Amino acid sequence: MRHTIDKGKWFRVTIIDLIFNLGMFLCFVCLLWVVWIQKYNHAQMHEAISDQNLELLRERLIQTVKLTSDVDDIERPPLQGM
């Protein structure tokens, strides 16, 4: 006698297997997230990134000011109302 699994049972087994695999994946991701949170000091990282961004903004501002002040021979129209 030949044993066959009907389509409904096969579907249920497949869905349960997929749900189990998804649950295992989520547990693994949560575990990695917790380890990452505990490993790094996020306030210190945020401060370091903010300091880097501030330094870059200052450098770009200085470059912009130098570029525009180098061109002094351009005739500028007089200001209105003065």
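J.: Explain the overall build of the protein to me, using residue names and the numbers behind them.
T.: In terms of regular secondary structure, the protein is built from 2 helices and 0 strands. Looking at the protein residue by residue over its 82 residues, the buried ones come to 0%. As displayed, the protein offers around 8,700 Å² of accessible surface, 66% of which is attributable to carbon and sulfur atoms.

J.: I'd like a rundown of a nonpolar patch on the surface, residues and numbers included.
T.: Among the surface-exposed residues, Leu22, Phe25, Leu26, Phe28, Val29 and Leu32 lie close enough to one another that they form a single nonpolar patch of about 580 Å² accessible area. Tracing the chain through its elements places Leu22 in helix 1 (residues 7-39). Leu22 sits in the partly exposed class, given a relative accessible area of 49%.

J.: Could you give me a rundown of the environment of His42, with the residues and numbers involved?
T.: Along the chain, His42 turns up in helix 2 (residues 42-69). What makes His42 partly exposed here is its relative accessible area of 31%. With residues near it in sequence (within four places) discarded, His42 still touches Trp36 and Ile37.

J.: Explain the state of the cysteines to me, and be specific about the residues and the numbers.
T.: Tallied over the entire structure, the rule returns 0 disulfides. The structure places no disulfide on Cys27, whose sulfur is separated from the nearest cysteine sulfur, that of Cys30, by 6.7 Å.

J.: Please provide a residue-by-residue account of the packing of aromatic side chains, values included.
T.: Applying the stated rule across the entire model yields 1 aromatic pair. On the basis of an interplanar angle of 35 degrees and a centroid distance of 5.3 Å, the ring pair of Trp33 and Trp36 is categorised as tilted. Taken together, the residues Trp33 and Trp36, both in helix 1 and 3 residues apart, mark about one turn of the helix. Here Trp33 falls in the exposed class, since its relative accessible area comes to 52%.

Cut-offs and rules
Residues numbered from 1 in each chain as written. Predicted model: local features only at pLDDT ≥ 70, side-chain atom pairs only at ≥ 80, totals over all residues. Heavy atoms only, no water. Helix = DSSP H or I, 4+ residues; strand = E, 2+ residues; numbered from the N terminus. Buried < 20%, exposed > 50% of the residue type's maximum accessible area, 1.4 Å probe, protein only. Areas by Shrake-Rupley, 256 points an atom, 1.4 Å probe, with all protein chains shown as cover. Patch = residues over 30% accessible without salt bridge, like charges linked within 9 Å, V, L, I, M, F, W, Y side chains within 5 Å. Salt bridge = Lys/Arg side-chain N within 4 Å of Asp/Glu carboxyl O. Contact = heavy atoms within 4.5 Å. Disulfide = S-S within 2.5 Å. Phe/Tyr/Trp six-rings, centres within 6.5 Å; stacked < 30°, edge-to-face > 60°.

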